[in-house]
Amino acid sequence: MRRIKFAFTIIACLLTACAPISTNLDHQSKPVSEVTRLDSIAITLAEIRALDQGIRDNSSLYRTNTRAFKLHTDSLCFSKAIWVIEHYGYINDLGKYNDSFGYLLEALPAVLLHNPQRLIEPHTYDLLKREVEAGRLSAEFAATLLDKYYVMKEKRTLYFSEFRKWLQQPYPQKRDQALSDSLRQDIGLPVLPDSLFVY
């Protein structure tokens with residue numbers, strides 16, 4: 001099934017790249033720049049998703065050192081995802097492509113979740129925060145993205161996301177309450193109730 005989706009993604013890229021663009025600029029149709037912008041977004045998301053998922057499905061076909069290859073691929077996909085967000089904002093809608101290629105919207109969340117250590121870098125954190133403030137990225141999902149780093153690397157939850165279930169002690173620690181409050185408020189979320197924090 002994954003190979004079929006991968007093949008469809010590649011075909012979609014080719015069809016989208018070869019599709020004629022209307023040059024009719026009357027009031028009934030969108031300007032060429034809008035059509036081109038949407039096409040560019042769809043093509044870029046297809047590239048990111050194909051590379052990100054393709055390496056996971058078929059990594060043994062590419063190299064013997066698949067872990068290192070995956071890390072390099074994740075880094076490449078992450079850089080491209082950040083570029084998309086910087087240029088187009090966090091993508092939640094593909095317009096005319098939603099029905100046939102809506103699954104491409106999974107590209108950004110997947111790539112961001114595969115790179116939790118890079119999400120807390122100041123540039124990336126500020127970018128995500130701006131997207132939350134602009135209303136293109138939900139504060140709850142931003143918290144989930146950011147919390148994955150703390151759960152995986154520091155073995156603690158600061159945002160109380162679903163990733164906390166990966167911990168043996170899935171509750172925030174009292175010693176982290178001030179930091180948790182600050183981080184949650186910084187992206188527009190309310191602080192957690194005192195009763196959730198344990199000593």
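Before reading on, note that the structure itself is shown above.
Quick caveat, the model's predicted, so the values are computed rather than measured. (Residues numbered from 1 in each chain as written. Predicted model: local features only at pLDDT ≥ 70, side-chain atom pairs only at ≥ 80, totals over all residues. Heavy atoms only, no water.)

K.L.:
Break down the overall build of the protein for me, with residues and values.
P.N.:
Along the protein, the regular secondary structure elements total nine helices and zero strands. Starting at the N terminus and walking to the C terminus, you meet the elements of the protein as α-α-α-α-α-α-α-α-α. Across the 199 residues of the protein, 43% fall into the buried class. Put simply, of all contacts in the protein between residues at least 6 apart along the chain, 59% involve residues at least 24 apart. About 11400 Å² of surface is accessible on the protein, with carbon and sulfur atoms providing 55% of the total. (Helix = DSSP H or I, 4+ residues; strand = E, 2+ residues; numbered from the N terminus. Buried < 20%, exposed > 50% of the residue type's maximum accessible area, 1.4 Å probe, protein only. Contact = heavy atoms within 4.5 Å. Areas by Shrake-Rupley, 256 points an atom, 1.4 Å probe, with all protein chains shown as cover.)

K.L.:
Help me get a handle on unusual backbone geometry, residues and values and all.
P.N.:
For Lys155, which is not a glycine, the phi torsion comes out positive at approximately 55 degrees. Position of Lys155 relative to the elements: it lies in the loop between helix H8 (139-154) and helix H9 (177-186). Positioned with a positive phi, Phe160 is a non-glycine residue whose angle comes to about 65 degrees. Within the secondary structure, Phe160 is located in the loop between H8 and H9. Exposure remark for Phe160: the relative accessible area of 18% places this residue in the buried category.

K.L.:
Pulling in residues and values, what's your account of the side chain of Glu131?
P.N.:
By the secondary structure assignment, Glu131 is in helix H7 (residues 122-133). Residue classification places Glu131 among the buried residues on the basis of a relative accessible area of 4%. A polar contact of 2.7 Å, which involves the side chain of Glu131, links it to the backbone nitrogen of Tyr90. Beyond its immediate chain neighbours, meaning those up to four positions away, Glu131 contacts Ile85, Gly89, Tyr90, Arg136 and Leu137. (Polar contact = N/O pair within 3.5 Å; in protein donor to acceptor, adjacent residues only side chain to side chain.)

K.L.:
Describe the packing of aromatic side chains, listing the residues and the values that go with them.
P.N.:
Under the definition given, this model contains six aromatic pairs. Here Trp83 and Tyr88 contribute two aromatic rings whose centre-to-centre distance is 5.9 Å and whose plane-to-plane angle is 80 degrees, an arrangement assigned as edge-to-face. A residue is classified by how much of its surface remains accessible, and Trp83, at 37% relative accessible area, is partly exposed. Where Phe163 meets Trp166, the ring centres are 4.8 Å apart and the plane angle is 80 degrees; that geometry is what we call edge-to-face. Exposure remark for Phe163: the relative accessible area of 12% places this residue in the buried category. Judged by its relative accessible area of 54%, Trp166 falls in the exposed class. A connected cluster of aromatic rings, assembled from ring pairs, spans Tyr97, Phe101 and Tyr103. Here the basic side chain of Arg164 rests over the ring of Phe160, its NZ or CZ set 3.9 Å away from the ring centre. (Phe/Tyr/Trp six-rings, centres within 6.5 Å; stacked < 30°, edge-to-face > 60°. Lys NZ or Arg CZ within 6 Å of the ring centre and 35° of its normal.)

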